[in-house]
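Summary of structural features
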Amino acid sequence: MSSLQHILERLESGRVRTVGLKGAARGWVLSRLRKERNAPLLCVTADEDAAEALFDDLSFFFGGPHSGRVVLLPGDDALPWDELVPDSPTVAERLGTLFKLRTGAAIDAVVLPARGLSRKVLPPDVMATLSREVTKADELGRDGLARLLTDMGYRHSPLVEDQGSYSLRGDIIDVFPPLTTRPVRLEFFGDSIESMREFDPDSQRTLEETSHLTLLPARELFFSEKTRAAAEATLRRLGDEANLPTAQVREKIERIREGLSPGGLEGLMPGFWGTLASLFDYLPHWHPTPLVYVDDAVATTRALEEFDSESERSYREAVARGELVLPPKDHHLSRAEVLAALTRFPTVEGGALSLEAVDARPPLAFTFGETKELRESIKSHHGEEGALTPL
């Protein structure tokens, strides 16, 4: 019986440890497991670099990096209490992946680092409420669409060059949603959409026409009528608990009321939405029982422990500075919570050692030859005729 068949057999008991499953070989084995079990993959790594490497390995066996069948769910280098504005492309990629999960998109694998699994995100119902398909049949009107974009967190700017922004010019709205690789120009005639065309953000020249536009939240933290009220209530509560002077609390509330940039308020993000969700809340919308693959169980556990420690330290430093912020439990799942949630799913572990429970059975061993040169050769030809000539 092959090692692959042994995995399938042992998965009936819930968890399988492996050794020797690394490099491009992981992609082949995981693609076979995806096919044999008819269930998508949730792949967890210790850090961002390992997640990108696994994304590359998997993508080759699922149609290439641009097929959309394998997606990344990035974490954040910065913590919510560090007073740093999150990287916009990272936020856009995260929101795009969450939208796909919420809508049950046909994705074969989601790859994410341990921090991305622990990090809390917009609740699935908020994602659904703040998302919309726009077609030419819609009678939104230019001003109606502009209000909708503002409520979704899009930033109004004179020129649209970056994801999450929109501009107004006569009867034209330019918008760059997180899911698209190029912005879209909508021309209105009255309340009707006359045309929708992609355009080059550098030259601003229109390109091919499109029949629909998928809009989803542009940011995780933004001001709308609802989020302003929730954020104000949270600030007042925290101010009362900390016995801060009314003037200090009022200063922060005025900033929210004036609609100034929410950047730097990430420590309050759960208060903008009442509560946040986790990736595990999205999974039922995608697939009831995805197959979990933990690339290096020991390193992943260590990364979760370090995230807990760093978060507690950063939070305490923010409180010592007199900042009004919410504690780590509102921002992310603890190591214990992540590991407990993972036990609900069939799991394959790399690295021989287990996440927590002791398994008396020895790990399943995989033996593969060195494939680095072959992998790079095939990768450089992917999508071209003769891509397999290196074989």
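Quick caveat, the model's predicted, so the values are computed rather than measured. (Residues numbered from 1 in each chain as written. Predicted model: local features only at pLDDT ≥ 70, side-chain atom pairs only at ≥ 80, totals over all residues. Heavy atoms only, no water.)

**Quick notes on unusual backbone geometry**
Here the phi dihedral of Asn38 falls at roughly 55°; this positive angle occurs in a residue that is not glycine. The residue Asn38 is located in the loop between α2 (24-37) and β2 (41-45) in this model. Of note in the backbone geometry, Gln204 takes a positive phi value of approximately 70° without being a glycine. Here Gln204 is to be found in the loop between β10 (192-199) and β11 (206-209). The exposure class assigned to Gln204 is buried, which follows from its relative accessible area of 17%. (Helix = DSSP H or I, 4+ residues; strand = E, 2+ residues; numbered from the N terminus. Buried < 20%, exposed > 50% of the residue type's maximum accessible area, 1.4 Å probe, protein only.)

**Observations concerning the packing of aromatic side chains**
Taken as a whole and judged by the stated rule, the model has five aromatic pairs. Summarising the aromatic geometry, the rings of Trp81 and Tyr315 are spaced 6.2 Å apart at their centres and angled 65° between planes, so their arrangement reads as edge-to-face. Remark: Tyr315 occurs in helix α12 (residues 297-320) and Trp81 occurs in the loop between β3 (70-72) and α4 (88-102); sequence separation between them is 234 residues. Plain terms: the ring middles of Phe280 and Phe345 are 6.3 Å apart, the flat faces sit at 20° to each other, and that makes the pair stacked. Taken as a pair, Phe280 in helix α11 (residues 279-286) and Phe345 in the loop between α14 (335-342) and β14 (347-349) lie far apart in primary sequence, 65 residues in all. An identical accessibility class is assigned to Phe280 and Phe345; each is buried. (Phe/Tyr/Trp six-rings, centres within 6.5 Å; stacked < 30°, edge-to-face > 60°.)

**Structural notes on the sheet that holds strand β7 (residues 165-169)**
Sheet architecture is open: six strands sit in the order β6-β7-β8-β9-β10-β11, paired in mixed fashion. The sheet terminates laterally at β6 (155-156) and β11, the two strands that pair on one side only. Here five bridges tie β7 to strand β8 (residues 172-176), and the two strands are oriented antiparallel to one another. Along β8, the bridge assignment pairs Leu168 with Ile173. (Pairing = 2+ DSSP bridges.)

**A few points about the nonpolar core**
In this structure, Val110, Trp273 and Leu279 are the most contacted members of the largest nonpolar core, which totals 53 residues. What Trp273 contacts, discounting residues up to four positions off in sequence, is Leu122, Val126, Leu130, Glu220, Phe222 and Thr227. Among the nonpolar cores identified, the runner-up in size contains 24 residues, and Ile7, Leu11, Val16 and Leu54 belong to it. (Core = buried A, V, L, I, M, F, W, Y, C linked by side-chain atoms within 4.5 Å. Contact = heavy atoms within 4.5 Å.)

**Some details on the side chain of Thr90**
For Thr90, the position within the fold is in helix α4. Within the structure, the side chain of Thr90 is placed 2.7 Å from the side chain of Asp87, a separation counted as a polar contact. What Thr90 contacts, discounting residues up to four positions off in sequence, is Pro74, Gly75 and Asp76. (Polar contact = N/O pair within 3.5 Å; in protein donor to acceptor, adjacent residues only side chain to side chain.)

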